[in-house]
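The primary structure of each chain is shown beneath.
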Amino acid sequence: MNRNLIKSMTLIALGKSLVSCAPKEQEVKQPNIIFIMSDDHAYQAISAYGHGLNQTPNIDRIANEGAIFSRATVTNSISAPSRAVLLTGKHSFVNGKVDNVQPFNWDQDNFTKLLQANGYETAMIGKIHMDGKPQGFDYSMVLPGQGKYYNPDFIKNGEKPEVIEGYVTEIITDLALDWMKNKRNPNKPFCLLYHHKAPHREWLPAEKYYKEYTKMTFPKPETLYDDYEGRGTAAKTAEMNIAKEMTWIGDIKIYPETAEEFGIDTPWGRRLFDLNIGRMNEEQRAAWDSVYRPIDEEFKKLFPTMSEKDIMDYRYQRYMQDYLATIASVDDGVGQVLDFLDEAGLAENTIVIYTSDQGFYLGEHGWFDKRFMYEESFRMPLLMRYPKEIKAGTKIDDLVQNLDFAPTFLDYTNTETPQEIQGESFRDLVAGKIDKWRDAVYYTYYEYPSVHMVKRHYGVATKRYKLMHFYYDIDEWEMYDLETDPMEMRNIYDDESYADVRKDLHKRLDELRTYYGDSDENDQKYLNEYLEALKPKKEN
Ligand code: SGN
Ligand code: CA
């Protein structure tokens, strides 16, 4: 069926009326937007989601004064592709940024370009993870690539990188506040993308928080010792197990000489140590050593008698200590930004969103990292405040996606949404004005073979079920029933009692692939391009 026709049918099914899309009264001032995105922040590590791991009072404030989404998902669980989806409102196979390897084409349309054309002042501050000068921003101050935690380089408006002394999360917050207070044109509505590097690997916290968090012990997830029985080849062959695939030096912060003594050092671990700890100034290094040296000393005593399970437990605790400590600084930054909005009288007219570029594993299935369509990486945290339209304490369990951000912002700002945008505005959904919404979402993942070795797959998810197809070097289907198996431990694809569900999900998957314009040919094209990009470049 013709895509436009399906799109218009879907819009009708969504219960939208043309009247609700009509421009709002002229005298209403256009809202500002602050889009806060952290990197690899699992919803399990936001206290508003109720997992009891840590406290994030400032991020929670957004939900308490606005809305929290429990089934918000990404369309492709990896950094740069997720950012491309955010900007374009189009699936990866349409915007072309399918993995972290392919270049992003900045010349294509994005929502901040459209906002600029509609009178907005725009800025991008922090991690963007895509090469080239960001387009659609009056001001950009971004980390090159993944960026560094200590004394990071920043690229201002596409110029040469320059070091800014200090801790990355605090710097990004200061830059965001400075732009809002001193740099932007106060006569224009603004849209700020305030993007943290934290809590991305290798989880290097600020001094005040590593002092506190390295003393803590955290509850373990039920599936920490998962043996992957009941799942397919992809879960069994992924390389993101905490006990097996973390590095002692890079991730657990064991000193290189200690690791060498025990024969557990790796070149990659050493490189990470140099790249991170090696950047610290004397003062930062002394503070670091005062906490991590004693941990290293303790480790020397423990390591010789550690069992495999002890190693898992030890690494899990060290992982959580550092990961959650980096989040404490992010939460502080969010608090400073919310306080600024209060002080400046901007809180009422500013939409504040908090999310992450994808979900993350905090020991569920024994894992760290992301990439899979399984729940913890597929789901992103999403909290949103806009006092003018969203009631405090709103809870949304509908299937929204990062694909929807661009059209949602265009809708809020009365900016025309181009026909090619694939997401849907969730403005009316979160305002409680409609009760019909999509009931299935589509997912794709491409970056294989690569670090963590998560196989290429695509799939469909409804509120209750998931169907996934892993392809390229395998051809396997997996299906899960989240109601009876919320931890996704049992692949029911071959369970005949689910034959009707399977048939229906296959149909939904085919429909969505057609609707969004995806195909086996696309999968093959992006595979070929990826394999080509991996080939060593010939010297001229
Ligand atoms: C780095 C990390 C990986 C991570 C990718 C992508 N390794 O390669 O663990 O999956 O980035 O992350 S590290 O040892 O160098 O930290 S993403 O969020 O940017 O897509
Ligand atoms: Ca990420």
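Each chain has its residues counted from 1, following the order in which its sequence is written. All chains are assigned letters beginning at A, and all ligands numbers beginning at 1, according to the order in which they are written. Only residues with pLDDT of 70 or above have their local features reported here, since the model is predicted, and side-chain atom pairs are shown and tallied only from 80 upward, although totals for entire chains, interfaces and linings are computed over all residues. The basis for every side-chain value is the complete set of non-hydrogen atoms in the structure, without hydrogens or water.

Within helix α4 (residues 79-88), 10 of the 10 residues are buried, which leaves it mostly tucked inside the rest of the structure. For every residue, the accessible area (1.4 Å probe, protein chains only) is compared with the maximum for its type, and the residue is labelled buried under 20%, exposed over 50%, or partly exposed between those bounds. By the criteria applied, helices consist of DSSP H or I runs no shorter than four residues and strands consist of E runs no shorter than two, each listed in order from the N terminus. Looking at α4, one finds that the buried residues are S79, A80, P81, S82, R83, A84, V85, L86, L87 and T88. Lining the buried residues of α4 we find β1 (32-38), α5 (92-95), α6 (111-117), β3 (121-127), β7 (190-195) and α16 (405-412). Positioned one or two residues after α4, G89 has a phi angle of 70°, which is positive. The contact criterion used is simple: two residues touch if any of their non-hydrogen atoms lie within 4.5 Å.

What follows deals with the site of ligand 1. The full set close to ligand 1 counts 19 residues, and E202, D369, K370, R371 and H452 are the nearest of them. We call two N or O atoms a polar contact when they sit within 3.5 Å, provided that within protein one can donate a hydrogen and the other can accept it, with sequence-adjacent residues counted only if both atoms are side-chain atoms. Separating an oxygen atom of ligand 1 from a side-chain N or O atom of N100 is a distance of 2.9 Å. The side chain of R371 places a nitrogen or oxygen atom 2.6 Å from an oxygen atom of ligand 1. Protein contact buries 89% of the 460 Å² of open area that ligand 1 shows by itself. Residue composition of the shell around ligand 1, grouped by class: 3 nonpolar, 7 polar and 9 charged. Note on definitions. A residue lies near a molecule or strand when any single heavy atom of the residue is within 4 Å of it. Per-residue and other accessible areas follow the Shrake-Rupley method at a 1.4 Å probe size, with only the shown protein chains counted as cover for residues. Basically, the charged four are Asp, Glu, Lys and Arg, the nonpolar ten are Ala, Val, Leu, Ile, Met, Phe, Trp, Tyr, Cys and Pro, and anything else, Gly included, counts as polar.

Before going further, it helps to spend a moment on the nonpolar core. In this text, buried Ala, Val, Leu, Ile, Met, Phe, Trp, Tyr and Cys residues form a nonpolar core when linked through side-chain atoms within 4.5 Å. Within the largest apolar cluster, 153 residues are counted, with the highest numbers of intra-cluster contacts made by F69, F111, L192, Y319, Y323, F372 and F426. With 17 residues, the top contributor of residues to this core is helix α14 (residues 308-343). Residues within four places of Y319 in sequence aside, it is in contact with W203, I242, M246, F360, Y361, L362, G363 and F368. Ranked by size, the runner-up nonpolar core spans 22 residues in total, among them Y446, V460, I492 and L505.

Let's shift gears to the coordination of the calcium ion (ligand 2). Each metal's donors are the N, O and S atoms found within 2.8 Å of it, except that Na, K and Ca use a 3.2 Å limit; water is left out, so coordination can look incomplete. Coordination of the calcium ion (ligand 2) by the protein comes from D39 (OD), D40 (OD), D357 (OD), D357 (OD) and Q358 (OE1), over a distance range of 2.1 to 2.8 Å. Working rule for geometry: tetrahedral if four donors all subtend angles between 85 and 135 degrees; square planar for four, octahedral for six, if opposite donors exceed 155 degrees and the others stay between 65 and 115; irregular in every other situation. Here the calcium ion (ligand 2) is ringed by 6 donor atoms whose angles at the metal span 50 to 171°, and the overall shape comes out irregular. A relative accessible area of 0% places Q358 in the buried class.

Another aspect to go through is the domain arrangement of the chain. Delimitation of the domains relies on an automatic or database domain assignment. For the chain, the assigned domains read domain 1 (33-43 + 62-203 + 334-438), domain 2 (208-319) and domain 3 (445-534). One C-alpha centre belongs to domain 1, the other to domain 2; they are set 30 Å apart. Once two parts are brought into contact, the accessible area they lose, counted with a 1.4 Å probe and summed over both, makes up the buried area. Carbon and sulfur atoms supply 54% of the area buried between domain 1 and domain 2, which totals about 2300 Å² over both sides. Just to be clear on terms, a salt bridge is a Lys or Arg side-chain nitrogen sitting within 4 Å of an Asp or Glu carboxyl oxygen. The interface formed by domain 1 and domain 2 includes 2 salt bridges.

Attention now moves to the sheet that holds β3. With mixed pairing, the 10 strands of this open sheet are ordered in space as β6-β5-β4-β3-β7-β1-β8-β9-β2-β10. Strands with a single pairing partner mark the edges of an open sheet, and in this sheet they are β6 (162-163) and β10 (394-396). By the convention used here, strands pair only if DSSP detects at least 2 bridges between them. Here β3 pairs with strand β4 (residues 139-143) via 5 bridges, running parallel. In the sheet register, M124 faces β4, and the bridge partner there is S140. Those strands touched by helix α7 (residues 168-183) are β1, β3, β4, β5 (153-156) and β7, and its axis lies near 170° from that of β7. Note on method: axes are straight lines fitted to C-alpha atoms, helices fitted across the in-contact stretch only, with angles between N-to-C directions ranging 0 to 180 degrees.

Across the sheet, 4 strands lie side by side as β11-β12-β13-β14; this open sheet has antiparallel pairing. Strands with a single pairing partner mark the edges of an open sheet, and in this sheet they are β11 (441-445) and β14 (476-481). Going across the sheet, the axis of each strand differs from the next one's by a mean of 15°, ignoring polarity.

With that settled, the discussion passes to the packing of aromatic side chains. Stacked, edge-to-face and tilted are the three classes for Phe, Tyr and Trp ring pairs, Trp counted by its six-membered ring, which pair at centre distances within 6.5 Å; planes under 30 degrees apart are stacked, over 60 edge-to-face, the rest tilted. All chains considered together, the criterion is met by 45 aromatic pairs. Taking 5.8 Å as the distance between ring centres and 80° as the angle between the ring planes, the aromatic pair formed by W179 and F190 counts as edge-to-face. A residue pair is termed long-range when its members are at least 10 positions apart, and W179 in helix α7 and F190 in strand β7 qualify at 11 residues. Across the pair, F190 and W179 agree in class, each one buried. Centre to centre, the rings of W203 and Y319 are 4.7 Å apart; their planes meet at 45°, and the pair counts as tilted.

On to unusual backbone geometry, then. Glycine aside, residues mostly have negative phi angles, and peptide bonds mostly take the trans form. Along the chain, R201 connects to E202 via a cis peptide bond; the corresponding omega equals 10°. Here E202 shows up in the loop between β7 and α8 (207-213). Positive phi, close to 60°, is recorded for H129, a residue that is not glycine. One non-glycine residue with positive phi stands out, namely K253, at about 65°. For K253, the position within the fold is in the loop between α10 (242-245) and α11 (256-261). Given the relative accessible area of 4%, K253 is considered buried.

It is worth spelling out the side chain of Q102 at this point. Positionally, Q102 belongs in the loop between α5 and α6. We classify Q102 as buried; its relative accessible area is 11%. At a separation of 3.5 Å, a polar atom in the side chain of Q102 contacts the main-chain carbonyl oxygen of E529. Leave out the neighbours within four places in its chain, and Q102 touches G96, K97, E529, Y530 and A533.

Time to look at the pattern of salt bridges. Applying the stated criterion to the full structure yields 48 salt bridges. The partner of R61 in a salt bridge is D342, with the nearest N and O atoms 3.0 Å apart. Note that R61 is positioned in helix α3 (residues 57-64) and D342 in helix α14, a separation of 281 residues in sequence. Taking relative accessible area as the criterion, D342 reaches 40% and is therefore assigned partly exposed.

Right, let's talk about α16 for a bit. Most of α16 is tucked away: 8 of the 8 residues are buried. Elements that come into contact with the buried residues of α16 comprise β1, α4, α6, β8 (350-356), β9 (382-385) and α17 (427-430). Looking one or two places after α16, you find N414, whose phi comes out positive at around 50°.

This part covers the side chain of T88. On the secondary structure map, T88 appears in helix α4. At a separation of 3.1 Å, a polar atom in the side chain of T88 contacts the main-chain amide nitrogen of K90. Apart from the residues lying within four places of it in its own chain, the contact partners of T88 are N95, F104, Q108, D109, A406 and I421.

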